[in-house]
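What the coordinates show
Each chain is listed here by its residues.
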Amino acid sequence: MAHMARSFRARHCCRCTAVAFGVLGVLASGAWEKHNGKLAAMLDVLDMLPNGTIPIPDGTRRIFLEVGANSINIMAYEELPLFPDGFVISFEPLLHQYAALLGHRTRPDEMRRLGEASERNLVLPFAIAPDGDSDSAELRIAGSADTCASLLREHSARDRPECANPDRVASIRRVPTVSLRTVLGSWLAWPSGGGWPIDYLKIDAQGLDLEVLRSAGDALLPRVLRVEMEVPGDACRPMYEGSPGCSAIFAAMAHMGYTEAYNRSCADFAGVCYEDDYEFVRPGVFPLHYGRLPWGDECWTVTGQVLKQACCSDLFLSRFRHCWDTDFRLSRCCIHRWQPHRRSEVPRRRSRAGWEEGQAGGQPS
């Protein structure tokens, strides 16, 4: 890895500075202040290259970005085993979850580089926001479930009183923010011009997913090849003020040049209120797991058609029937619902065009 000279700093608020320093194991710059009943400290979070870019390990052919990682269902565990040439950059602004991601494999006698969760996973304590280059924003947690933390104001808890509940007093934490425009255009830029394409952008920003994507700007948006976002059915009341439903999300994604990877639609919700993860792709780009995970009837060769019917006939109930895991995924295993005349995946095309056809796209040598 090239020499790393510049240290990147983030401003974080915490109620107990000593605890935060001990857990995170990062260096303080000496700047701290008391503000609104909290201690705020400046922390070094990453050693950058002299040109101000993120150091990418040798052998990397694809970049994954993860926005709002929390510490469950993270890409480092779900995708890196499938893509050993991948590198994951995770953004998690909640200090305790950021610490959990960094410290998961930490040993008491082992030195780590700043931000390094593993050799192929970097973690940064930022929220991605449309006005992210304004340095910071208020992150709101209205309830006991921190998975519902959002930069938006809570509106309706639906059937989850522990989540985005407007009747609860929100815990508010000021967190550092950055836009995708800065991440793509500066931090992941190439010295020769242009920058790393993003093979997969996974967003869980609690109502702000579209705005996170838009923060890339029109010029850089085509570098994001695939996007996964959490989509609520149109029958759901907005959980956050201004958060869109399924139809609005599909319309916005189409306007930005994306289509649903497996031909799914809002009709999948069948009038029921719940949330599901959808993958969107640029024109000519294959779904991320094309040719890598079971597809169609391949999912049911052992369990049989009875389980296929139980899992694919009612997508809402399938969430409670233990149908899916990291190998067997709903969009691929129930493909007959959305592409009924397609019996197999077309063999992957090989081309020198690289990432423009959905392949990995490492930095030119």
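The structure presented is a predicted model; accordingly, all values stated were derived computationally and were not measured. (Residues numbered from 1 in each chain as written. Predicted model: local features only at pLDDT ≥ 70, side-chain atom pairs only at ≥ 80, totals over all residues. Heavy atoms only, no water.)

With mixed pairing, eight strands are arranged side by side in an open sheet as S6-S7-S5-S4-S11-S12-S14-S13. Edge strands, defined here as strands with exactly one partner in the open sheet, are strand S6 (116–118) and strand S13 (259–260). The pairing of strand S12 (residues 226–232) with strand S14 (residues 275–281) spans seven bridges and is classified as antiparallel. What sits directly across from Arg226, in S14, is Val281. Against the sheet, helix H3 (residues 95–103) touches S6 and strand S7 (121–124), its axis set at about 160 degrees to S7. Sheet strands in contact with helix H6 (residues 246–255) are S12, S13 and S14, and its direction is about 160 degrees off that of S12. (Pairing = 2+ DSSP bridges. Helix = DSSP H or I, 4+ residues; strand = E, 2+ residues; numbered from the N terminus. Contact = heavy atoms within 4.5 Å. Axes fitted to C-alpha atoms, helices over the stretch in contact; angles between N-to-C directions.)

Moving on, we come to helix H7 (residues 305–312). Taken as a whole, H7 has its buried residues at Lys308, Cys311 and Cys312. With its buried residues spanning 80 degrees around the axis, H7 presents them on a single face. Away from its buried face, by an angle of more than 90 degrees, H7 presents the exposed residues Val306 and Gln309. Among the structural elements, helix H8 (315–318) and helix H9 (330–333) are those in contact with the buried residues of H7. (Buried < 20%, exposed > 50% of the residue type's maximum accessible area, 1.4 Å probe, protein only. Arc of directions from axis to C-beta.)

Within the largest apolar cluster, 92 residues are counted, with the highest numbers of intra-cluster contacts made by Leu65, Phe91, Leu188 and Leu213. When residues of this core are sorted by domain, at least three fall in each of domain 1 (59–292) and domain 2 (294–340). Beyond its immediate stretch of four places on either side in the chain, Leu65 contacts Met75, Ile89, Phe91, Leu180, Val183, Leu184, Leu188, Ile198, Tyr200, Leu201 and Lys202. Counting residues in each nonpolar core, the second largest holds six residues, with Ala127, Leu139, Ile141 and Ala149 among its members. (Core = buried A, V, L, I, M, F, W, Y, C linked by side-chain atoms within 4.5 Å. Domains from an automatic or database assignment.)

All right, on to the environment of Leu151 then. In this structure, Leu151 sits in the loop between strand S9 (136–141) and strand S10 (171–178). Since its relative accessible area comes to 22%, Leu151 is described here as partly exposed. Between the alpha carbons of Leu151 and Leu139 there is a distance of 4.8 Å; along the sequence they are 12 residues apart.

Under the definition given, this model contains six disulfides. Sulfur-sulfur distance for the disulfide between Cys312 and Cys334 comes to 2.0 Å. Negative torsions about the S-S bond denote left-handed disulfides, and the value of about -85 degrees found for Cys312 with Cys334 makes this one left-handed. Pair noted here: Cys312 is in helix H7 and Cys334 is in the segment after H9, with a separation of 22 residues, a long-range link. (Disulfide = S-S within 2.5 Å.)

The subject of this paragraph is the sheet that holds S9. Sheet architecture is open: three strands sit in the order S8-S10-S9, paired in mixed fashion. Every interior strand has two partners, whereas the edge strands, strand S8 (127–128) and S9, have only one. With six bridges connecting them, S9 and S10 associate as antiparallel partners. By the bridge assignment for S10, Ser136 is matched with Pro176. Each of S8 and S10 touches helix H4 (residues 180–187); the most contacted strand, S10, lies at about 30 degrees to it.

Moving on, we come to unusual backbone geometry. If you check the backbone angles, Asn73 has positive phi at about 55 degrees while not being a glycine. Along the chain, Asn73 falls in the loop between strand S4 (62–67) and helix H2 (75–78). The backbone of Gln206 shows a phi angle near 50 degrees, a positive value even though the residue is not glycine. Position of Gln206 relative to the elements: it lies in the loop between strand S11 (198–203) and helix H5 (209–214).

Here H6 has its buried residues at Cys246, Ile249, Phe250, Ala252 and Met253. Taken around the axis of H6, the buried residues stretch over an arc of 165 degrees, which confines them to a single face. Those residues of H6 that are exposed and aimed more than 90 degrees away from the buried face are Ala254 and His255. Of the surrounding secondary structure, the elements contacted by the buried residues of H6 are H5, S12, S13 and S14. With its phi angle positive at about 95 degrees, Gly257 sits one or two positions after the end of H6.

This part covers the confidence of the model for the protein. Confidence along the protein averages 87 in pLDDT terms, with 86% of residues attaining 70 or more. For the stretch residues 15–29, pLDDT sits under 50, and the model shows 27 contacts to residues farther than four places along the chain or on other chains. Within the model, pLDDT remains below 50 along residues 348–360, and this stretch shows 33 contacts once partners closer than five positions in the same chain are excluded. (pLDDT = per-residue confidence, 0-100.)

Take the side chain of Asn121 next. Mapping Asn121 onto the fold places it in strand S7. Residue contacts for Asn121: discarding those within four places in its chain leaves Ala76, Phe87, Val88, Ser90, Gly115 and Glu116.

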